[in-house]
Amino acid sequence: MTPSRDALDALEPGSERADHTDLYRLLVASVRDYAIFALDARGNVLTWNAGAAQLKGYAAHEIIGRHFSTFYPADDIAAGKPDMEIVVATRDGRFEDEGWRIRKDGSRFWANVILTALRDDNGEVVGFAKVTRDLTERRAAQEQAVRLAAESAARAAAESRSHELDTLNHTLQEQAVELEAQTEEAQALADELEQTNRDLEDALEAAESARAAAERASRAKSDFLAVMSHELRTPLNAIGGHAQILEMGLHGPVTDGQREALERIGRAQRHLLGLINNVLNLTRIETGRIEYRIRPVLVSGVLADLASLVQPQFVARQISLVTAMPEADGTGVHVAADREKLIQILTNLLGNAAKFTPPRGEVEMRLAVGPDPDVVVIEVRDSGPGIPPEKLELIFEPFVQLERSLTIHTEGAGLGLAISRDLARGMGGDLRADTGTSQGATFVLSLPRAAAPSEPIG
């Protein structure tokens with residue numbers, strides 16, 4: 001392993017040798033944790049220490065005189081990596097790299113390599129010093145740490161999803177309890193509803209079974225909601241039908257007390273049916289089963305239809321509905337949208353506005369064009385309590401209801417705004433809330449502008 005005297009002389013910085021030269025050589029030759037060796041200016045091995053022999057497997061007489069590319073994998077040699085390292089070290093004085101290297105027996109190890117240019121008194125490169133460390137174990141530890149971190153993140157995500165499912169299932173259980181109470185009240189009024197109640201109880205048992213399955217997979221949540229919605233609508237429709245038959249007196253006279261109870265049953269049945277329809281719509285959106293028929297839609301026609309559709313509700317609540325159009329070409333503005341889903345979104349927004357607007361208040365539905373000429377904006381503003389800025393995004397989460405007043409009680413499962421935003425985004429638009437805390441809430445629906453169709457759309 002002892003280098004040639006001529007090679008060592010060429011690598012020393014001057015012709016004079018310090019007294020500690022032999023000690024320095026002994027130090028380098030004895031180090032076993034690092035491969036420390038010298039190369040000539042062409043990259044051939046000049047010296048070989050004990051660490052190099054231990055790390056790379058070559059004895060000194062086997063490697064001295066051979067090019068240092070011997071230690072590189074074939075693909076690195078084909079790519080010219082050894083020559084590139086010589087060029088960089090010559091230019092910059094130093095080159096550092098990590099990569100795979102090859103031992104004498106053909107095995108690979110992950111190495112940290114530092115190549116330092118050695119210059120004579122005239123600044124000419126006369127050789128290179130090379131230090132190699134074996135980092136295979138450290139690399140393996142890092143890779144294991146990455147794997148463990150990925151597994152931990154996956155577990156955390158699974159736990160979070162499980163928590164979401166538990167929360168949703170709890171909500172469904174509460175709704176199931178409420179539904180069961182309503183069916184028991186109907187049972188006391190008429191024997192004809194007994195079979196319907198049994199059907200409903202079967203549906204609740206099926207829902208409980210589906211809930212247990214939903215805890216084991218996130219996909220099962222959407223399937224469970226879809227099955228529940230379809231199963232519950234049948235007995236609920238039956239409840240509504242039988243309640244109407246009883247209220248009409250077809251099975252005999254109905255007392256005032258019974259009629260009042262039947263009205264409560266009808267209201268509860270319609271309320272629950274609306275909740276289930278919303279759940280079904282949300283499930284269809286989440287599973288990608290919503291189909292959109294995007295066509296040019298005349299906005300002024302939709303706003304006019306909506307005004308007449310919701311007018312009775314607004315009159316009953318003593319609320320004014322104002323529709324505003326822009327001065328310039330407002331009546332000819334078209335959007336690229338599914339007309340039915342656009343009406344569904346605006347109906348939800350107007351119903352939401354009506355709930356939070358006090359008597360003799362005002363709701364405005366306004367069409368705005370600009371500043372982006374490719375986007376059409378429809379705003380629905382109420383004069384009720386505003387929404388705190390920190391809650392503007394929360395209200396679009398499913399099953400979230402925000403009390404905007406201490407004196408107003410709101411019904412529903414908190415799905416209308418979530419469904420509306422999903423439908424808007426499914427049509428290439430968006431829905432957001434813009435509100436102060438005391439000047440009402442404004443919901444802003446934006447949709448892509450469309451050119452007017454050349455022929456009327458039937």
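Residues numbered from 1 in each chain as written. Predicted model: local features only at pLDDT ≥ 70, side-chain atom pairs only at ≥ 80, totals over all residues. Heavy atoms only, no water.

### Brief notes about the overall build of the chain
On a plain count of helices and strands, the chain comes out with 13 helices and eleven strands. Going through the 458 residues of the chain one by one, you find that 41% of them count as buried. Contacts spanning at least 24 positions in sequence make up 60% of the contacts within the chain whose residues lie at least 6 apart. By element, 51% of the accessible surface of the chain is carried by carbon and sulfur atoms, the whole surface being about 24,800 Å². (Helix = DSSP H or I, 4+ residues; strand = E, 2+ residues; numbered from the N terminus. Buried < 20%, exposed > 50% of the residue type's maximum accessible area, 1.4 Å probe, protein only. Contact = heavy atoms within 4.5 Å. Areas by Shrake-Rupley, 256 points an atom, 1.4 Å probe, with all protein chains shown as cover.)

### With respect to the packing of aromatic side chains
For the structure shown, the criterion picks out seven aromatic pairs. Judged by centre distance (5.9 Å) and plane angle (70 degrees), the ring pair of F37 and F71 falls under edge-to-face. Taken as a pair, F37 in strand β1 (residues 35-40) and F71 in the loop between α4 (60-63) and α5 (74-78) lie far apart in primary sequence, 34 residues in all. Comparing F37 with F71 shows no difference in burial state: the two are buried. (Phe/Tyr/Trp six-rings, centres within 6.5 Å; stacked < 30°, edge-to-face > 60°.)

### As for the pattern of salt bridges
Applying the stated criterion across every chain, the model contains 18 salt bridges. Residues K104 and E62 are paired through a salt bridge, measuring 2.6 Å at the closest nitrogen-oxygen approach. Here K104 is found in the loop between β2 (94-102) and β3 (108-119), whereas its partner E62 is found in helix α4, with 42 residues between them in sequence. Judged by relative accessible area, which is 43%, K104 ranks as partly exposed. Since its relative accessible area comes to 27%, E62 is described here as partly exposed. As a salt-bridge pair, D430 and R425 come within 2.9 Å of each other at their nearest N and O atoms. (Salt bridge = Lys/Arg side-chain N within 4 Å of Asp/Glu carboxyl O.)

### Describing the side chain of E85
Within the secondary structure layout, E85 lies in helix α6 (residues 81-92). Judged by relative accessible area, which is 0%, E85 ranks as buried. There is a polar contact of 2.5 Å between the side chain of E85 and the side chain of Y72. (Polar contact = N/O pair within 3.5 Å; in protein donor to acceptor, adjacent residues only side chain to side chain.)

### Digging into the confidence of the model for the chain
Scored by pLDDT, the chain has a mean of 78; 69% of the residues are at 70 or more. In the predicted structure, residues 1-8 sits below a pLDDT of 50 and forms 13 contacts with residues beyond four places in sequence or in another chain. Scored below 50 in pLDDT, residues 404-410 makes 17 contacts in the model with residues more than four places away or belonging to other chains. (pLDDT = per-residue confidence, 0-100.)

### Some words on α6
Taking 1.5 Å per residue as the helical rise, α6 with its twelve residues ought to reach 16 Å, and the 16 Å between its terminal C-alpha atoms agrees with that figure. Listing the buried residues of α6 in full gives K81, P82, E85, I86, V88 and A89. Packed against the buried residues of α6 are α5, β2, β3 and β4 (125-134). Following α6 by one or two positions, G93 has its phi on the positive side, about 90 degrees. (Expected span 1.5 Å × (residues − 1).)

### So, the packing of helix α11 (residues 299-316) against helix α12 (residues 339-356)
Axis angle and axis distance: for two packed helices, these are the angle between their axes and the distance between the axes, and together they describe the pair. Between α11 and α12, the least distance of the axes is 10 Å, while the angle of their chain directions is 40 degrees. Viewed along their axes, α11 and α12 form a crossing whose handedness is right-handed. Listed contacts from α12 to G301, V302, L303, D305, L306, L309, V310, Q313 and F314 of α11 are R339, L342, I343, L346, T347, L350, G351 and A354. Split by residue class, the contact of α11 with α12 holds eleven nonpolar, four polar and two charged. (Axes fitted to C-alpha atoms, helices over the stretch in contact; angles between N-to-C directions. Left-handed = near helix turned anticlockwise from the far one by under 90°. Nonpolar A, V, L, I, M, F, W, Y, C, P; charged D, E, K, R; others polar.)

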